[in-house]
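Okay, here's what each chain looks like letter by letter:
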Amino acid sequence: MRPNSYLLQLFLTLFLLLGLSKPDPDPLQDYCVADTKTPKLPLFLNGVPCIDPKQASSSHFATSALSKPGNTSANMFGFSVTLTTTINLPGLNTMGLTLARIDIAADGIVPPHWHPRASEVTTCLQGALLVGFVDNLDRLFTQQLRAGESFVFPKGLIHFLSNLDSSKPALAVSGFNSQNPGGQIASVVSFTSKPAIPDEILKKAFKINGQDVTKMRRNLGG
Ligand SMILES: *[C@@H]1O[C@H](CO)[C@@H](O)[C@H](O)[C@H]1NC(C)=O
């Protein structure tokens, strides 16, 4: 290869990488308050249609959606995530932001998971958390958080939160740089997808036998 084709390749790679790590697109208007009233259009957009800006009011930019604790007993891992959305906070539409309230029961965890479209910064508000993520070199970065302390989970990397206290619940709030961060829990997506990932794949991937696959599916509610 000629030296300038190397250069071209380098630029193309950089360009691709930068493109992949971009946050949500910038809004073209001051705001685009989500239209939560008009019946859903037979139209699929990258975002949500907005109301006439003249109809926007302060309440569109406010929410109490995160004021109440989530029900951690309804979840097999003992956590509950409450998110701001374009429904409960219409003014958020096109801003590239989401806020999450994360309640974790005593001894509960948010199991290893990732968000394909957002980095996350989490602040512990109550209790004590062990948090961590693994990078692409398989290095684990962890930290114990007390109330008022924060930690960053870089975009797309597998991470977890765990309540260090076996007698008290913990509370955290997280910000995401996407209005649709997405989220997949590694164990749950592997063993409870519909249709299921073939047993043979799971046996080889996790170095387990057929009984283990059946047991893990059952344990995870699959
Ligand atoms: C929380 O979830 C549990 C289990 O699903 C249910 O029995 C309980 O009634 C729920 N509590 C509230 C306050 O909704």
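Owing to the predicted nature of the structure, the values given are computational and were not obtained by experimental measurement. (Residues numbered from 1 in each chain as written. Predicted model: local features only at pLDDT ≥ 70, side-chain atom pairs only at ≥ 80, totals over all residues. Heavy atoms only, no water.)

1. A closer look at the sheet that holds strand β5 (residues 128-134)
- The five strands are arranged β6-β5-β8-β3-β10 in an open sheet whose pairing can be described as antiparallel. For this open sheet the edge positions go to β6 (140-146) and β10 (184-185), each flanked by a neighbour on one side alone.
- For strand β3 (residues 109-114) and strand β8 (residues 159-163), the ladder comprises three bridges, and the chain directions are antiparallel. Within the sheet, the bridge partner assigned to valine 110 lies in β8 and is leucine 161. (Pairing = 2+ DSSP bridges. Helix = DSSP H or I, 4+ residues; strand = E, 2+ residues; numbered from the N terminus.)

2. Remarks on the pairing of strand β2 (residues 98-104)
- By the criterion of burial, β2 is predominantly enclosed, with six of the seven residues buried.
- Of the strand pairs in this sheet, strand β1 (residues 79-83) and β2 are connected by five bridges, and their pairing is antiparallel. Residue pairing in the sheet places threonine 82 in a bridge with arginine 101 of β2.
- Two strands pair when backbone bridges link them, and β2 and strand β9 (residues 170-176) are joined in this way by seven bridges, in the antiparallel orientation. Each bridged residue has a counterpart across the sheet, and for arginine 101 the counterpart in β9 is valine 173. (Buried < 20%, exposed > 50% of the residue type's maximum accessible area, 1.4 Å probe, protein only.)

3. Brief notes about the UniProt feature "domain: Cupin type-1" (unreviewed entry) in the chain
- Per the UniProt record, "domain: Cupin type-1" (unreviewed entry) is annotated on residues 64-214.
- For residues 64-214, the end-to-end C-alpha separation is 42 Å, with 13% helix and 38% strand making up the annotated structure. (UniProt positions renumbered as here; feature names shortened; annotations may be inferred.)

4. Digging into the packing of aromatic side chains
- Under the definition given, this model contains six aromatic pairs.
- Relative to phenylalanine 79, the ring of phenylalanine 77 lies with its centre 6.4 Å away and its plane at 20°, an arrangement referred to as stacked.
- Classification of phenylalanine 77 by relative accessible area gives buried; the value is 18%.
- Overall, phenylalanine 79 belongs to the buried group, its relative accessible area being 11%.
- Ring centres of phenylalanine 191 and phenylalanine 206 lie 5.2 Å apart, and the angle between their planes is 45°; on these two criteria the pair is classed as tilted. A residue pair is termed long-range when its members are at least 10 positions apart, and phenylalanine 191 in helix α2 (residues 186-192) and phenylalanine 206 in helix α3 (residues 199-206) qualify at 15 residues.
- Exposure remark for phenylalanine 191: the relative accessible area of 2% places this residue in the buried category.
- A connected cluster of aromatic rings, assembled from ring pairs, spans Phe133, Phe141, Phe151 and Phe153. (Phe/Tyr/Trp six-rings, centres within 6.5 Å; stacked < 30°, edge-to-face > 60°.)

5. A few points about the UniProt feature "binding site: oxalate" (unreviewed entry) in the chain
- The positions that UniProt labels "binding site: oxalate" (unreviewed entry) are, in the present scheme, His115 and Glu120.
- Looking at histidine 115, the relative accessible area reads 9%, which means it is buried.
- Tracing the backbone shows glutamate 120 in strand β4 (residues 120-126).
- In this structure glutamate 120 comes out as buried when scored by relative accessible area, which is 3%.
- For glutamate 120, the contacting residues outside a window of four places in its chain are Ile102, His115, Phe151, Val152, Phe153, His159, Ser174, Gly175 and Phe176.
- Within the structure, the side chain of glutamate 120 is placed 3.1 Å from the side chain of histidine 115, a separation counted as a polar contact. (Contact = heavy atoms within 4.5 Å. Polar contact = N/O pair within 3.5 Å; in protein donor to acceptor, adjacent residues only side chain to side chain.)

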